[in-house]
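# An overview of the molecular structure
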Amino acid sequence: MYDSVASFMDDIVNKNPGEKEFHQAVFEVVDSLWEFLQDHPHYMYAKILERIVEPERVIMFRVPWRNDRGEIEINKGYRVEFNSALGPYKGGLRFHPSVNLSILKFLGFEQVFKNSLTTLPMGGGKGGSNFDPKGKSDNEVMSFCQSFMTELQRHIGPKTDVPAGDIGVGGREIGFLFGQYKRIRNEFSGVLTGKGLNWGGSLIRPEATGYGAVYFTQEMLKTKNESLEGKTVLISGSGNVAQYATEKVIDLGGKPVTLSDSSGAIYDPDGIDRGKLAFVMELKNVKRGRIKEYAKKYGVEYFDGERPWNIPCDVALPCATQNEINEDEAKTLVKNGCKCVVEGANMPSDPKAINVFLENKILFGPGKAANAGGVAVSGLEMSQNSMRISWSREEVDEKLHVIMRNIHESCVVHGKEGKFINYLKGANIAGFIKVADAMLDQGVV
Ligand code: NDP
Ligand code: 2IT
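This report concerns the structure included in the present document.

Criteria and thresholds
- Residues numbered from 1 in each chain as written.
- Chains lettered and ligands numbered in written order.
- Predicted model: local features only at pLDDT ≥ 70, side-chain atom pairs only at ≥ 80, totals over all residues.
- Heavy atoms only, no water.
- Helix = DSSP H or I, 4+ residues; strand = E, 2+ residues; numbered from the N terminus.
- Buried < 20%, exposed > 50% of the residue type's maximum accessible area, 1.4 Å probe, protein only.
- Polar contact = N/O pair within 3.5 Å; in protein donor to acceptor, adjacent residues only side chain to side chain.
- Contact = heavy atoms within 4.5 Å.
- Near = heavy atom within 4 Å.
- Areas by Shrake-Rupley, 256 points an atom, 1.4 Å probe, with all protein chains shown as cover.
- Nonpolar A, V, L, I, M, F, W, Y, C, P; charged D, E, K, R; others polar.
- Pairing = 2+ DSSP bridges.
- Axes fitted to C-alpha atoms, helices over the stretch in contact; angles between N-to-C directions.
- Phe/Tyr/Trp six-rings, centres within 6.5 Å; stacked < 30°, edge-to-face > 60°.
- Lys NZ or Arg CZ within 6 Å of the ring centre and 35° of its normal.

## Re the side chain of glutamate 28
- With respect to the helices, strands and loops of the structure, glutamate 28 is situated in helix 2 (residues 20-39).
- According to the relative accessible area criterion, glutamate 28 is buried, its value standing at 12%.
- Side chain to side chain, glutamate 28 and lysine 368 meet in a polar contact 2.8 Å long.
- Apart from the residues within four sequence positions on either side, glutamate 28 is in contact with Glu110, Ile354, Lys368, Leu424 and Asn428.

## Topic: the site of ligand 1
- Among the 25 residues in the neighbourhood of ligand 1, the closest are listed as Asp166, Thr209, Ser262, Arg290 and Asn346.
- Contact between ligand 1 and glycine 168: an oxygen atom at 2.9 Å from a main-chain N or O atom of the residue.
- When ligand 1 sits alone it has 890 Å² of accessible area, and the protein chains cover 83% of it.
- Only helix 8 (205-222), helix 9 (240-251) and strand 8 (258-261) provide two or more residues apiece to the shell around ligand 1.
- Taken together, the residues of the shell around ligand 1 break down into 5 nonpolar, 13 polar and 7 charged.

## With respect to the environment of isoleucine 407
- Among the structural elements, isoleucine 407 can be located in helix 16 (residues 393-415).
- In this structure the C-alpha to C-alpha distance between isoleucine 407 and asparagine 285, which are 122 residues apart in sequence, comes to 30 Å.
- For isoleucine 407, the residues in contact, after removing those within four places along its chain, are Leu117, Thr118, Phe216, Ala369 and Ala372.

## Things to note about the environment of leucine 37
- Relative to the assigned elements, leucine 37 resides in helix 2.
- Judged by its relative accessible area of 1%, leucine 37 falls in the buried class.
- C-alpha of leucine 37 to C-alpha of asparagine 186: the two residues are 149 residues apart in sequence and 47 Å apart in space.
- If we ignore the near neighbours within four places in the chain, the residues touching leucine 37 are Tyr43, Met44, Leu49 and Phe432.

## Re the sheet that holds strand 12 (residues 340-342)
- Across the sheet, 5 strands lie side by side as 7-6-11-12-13; this open sheet has parallel pairing. Both edges of this open sheet fall to strand 7 (255-256) and strand 13 (363-365), since each of them pairs with a single strand only.
- Sheet topology note: the strand 11 (residues 315-317)/strand 12 ladder contains 2 bridges and is parallel. Its bridge partner lying in strand 12, alanine 316 is registered against valine 341.
- Contacting strand 11, strand 12 and strand 13, helix 8 crosses the sheet at an angle of about 150° to strand 12.

## Describing the sheet that holds strand 9 (residues 264-267)
- Reading across from one edge, 8-9-10 is the order of the 3 strands in this open sheet, with antiparallel pairing throughout. Of all the strands in the sheet, the pair left with one neighbour each is strand 8 and strand 10 (301-304). Each strand of the sheet is rotated relative to its neighbour by a mean of 15°, with strand direction disregarded.
- Note that strand 9 and strand 10 share 4 bridges and pair antiparallel. Bridge pairing links alanine 265 to phenylalanine 303 in strand 10.

## Focus: unusual backbone geometry
- Despite not being glycine, lysine 47 shows a phi value in the positive range, around 55°.
- Its place among the elements puts lysine 47 in the loop between helix 3 (41-45) and helix 4 (48-52).
- A relative accessible area of 43% means that lysine 47 is categorised as partly exposed.
- One non-glycine residue, lysine 361, lies in the positive phi region at around 50°.
- Considering the arrangement of structural elements, one finds lysine 361 in the loop between helix 13 (351-359) and strand 13.
- Since its relative accessible area comes to 51%, lysine 361 is described here as exposed.

## Details of the packing of aromatic side chains
- Enumeration according to the criterion identifies 25 aromatic pairs in this entry.
- Relative to phenylalanine 82, the ring of phenylalanine 22 lies with its centre 6.2 Å away and its plane at 40°, an arrangement referred to as tilted. You can see phenylalanine 22 sitting in helix 2 and its partner phenylalanine 82 sitting in strand 2 (residues 72-83), a full 60 residues away along the chain. Note on accessibility: phenylalanine 22 and phenylalanine 82 belong to one class, buried.
- Between lysine 361 and the ring centre of phenylalanine 420, over which it is positioned, the NZ or CZ distance is 4.8 Å.
- Over the face of the ring belonging to tryptophan 391 we find lysine 399, whose NZ or CZ atom lies 4.5 Å from the ring centre.

Here's what the structure looks like:
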């Protein structure tokens, strides 16, 4: 048994060499669980911690496909089936050139606790490829997706492992992947979520992560008798999560002033309104262009190669990618008056940034709680598929709202430190207990 977080982490680093994102995600969880585990030693005796950091299965495969010039290209494909204590493996697929085993293990690990927090019966997993959809034609994306699914299909299924979208995987990709699964397996089933509305998808799934993160923000602000009304909000990213977070902030009377992509950030001091958001959605989802176009169209500032964190705000919603807020940026946010940081993305704040937020006792909503709305509605999509029914927009939105409120409440119950709510600790403990207890019930597996 380990006598400290440091000795546990030494072992993690030795057993998983070079996987720095995975080390980071494990440290964050273990560090915030440590005290709790000392008070509940039965988890330690059963070696739950040692078991929970080891994926049940990792699948790695070759993805050969042909580009439009007829040349053969080869990518790496992965599925990390992390934990099935609570249900079939569930989690997104990421297509991005940076994808490697470390990134997918960090995402799969986070997903286990996140899915537990939703209270729905889902285990945790993640997958993807180092394929870069940027600059590829629809035909090339289809060829890639078909090849990717030709291998993945033998490992997944509606009762085994149910992938969905993440960075670089949206409605278009899920369509191509679903088509190939159906063709090979001769089976129309809920094997993927985020499907099109006319072939088994759920209303509100595209909106769910962004809306959910803003519902979570609302709950956090309520603990200070505040609301989003009139608040200036920084949002990073301009993809699925950022777009619908922006929409919900506008709905609730807040003023989103920034968006970004991997090339740079825009700052619109007058606020991004519905009309401007419609432009962004067309730009990103249809034309697949760069956010810089927004600055040209509306005559606002564009910061090439920069992130939006040096602009004064009340609330910050990082919705792009991991480690997009470092210690200095966190200090700048706090210095400029930011009172609330809520993670729409997975692990966007690095460990030193998180320390800055916690030391300054601002509201900090960790991704595994705040962005759980996406996978929660994926869980609702699975239920609707199994029952062969579809719920209305209002029904799904209401269920999402209730789930986000309940996750907030779980964080409060387990994260209260006097008057301060440590949402990070609360989310980790609440997520852990359910998975750990299920693992104990199921024996040494
Ligand atoms: P999208 O692919 O739709 O959008 C990603 C956005 O982030 C784009 O604007 C992209 O810019 C930007 N981005 C991606 N990588 C980088 C990078 N390395 N540096 C700077 N900017 C980057 O993905 P999503 O909106 O779905 O995902 C965003 C985040 O939310 C991810 O962390 C994801 O894991 C998380 N998440 C997503 C959920 C979902 O349901 N989709 C659910 C829960 C969490 P560019 O176009 O230039 O690449
Ligand atoms: O990180 C995430 O929670 C997702 N990308 C969504 C996963 C899902 O199965 O809907």
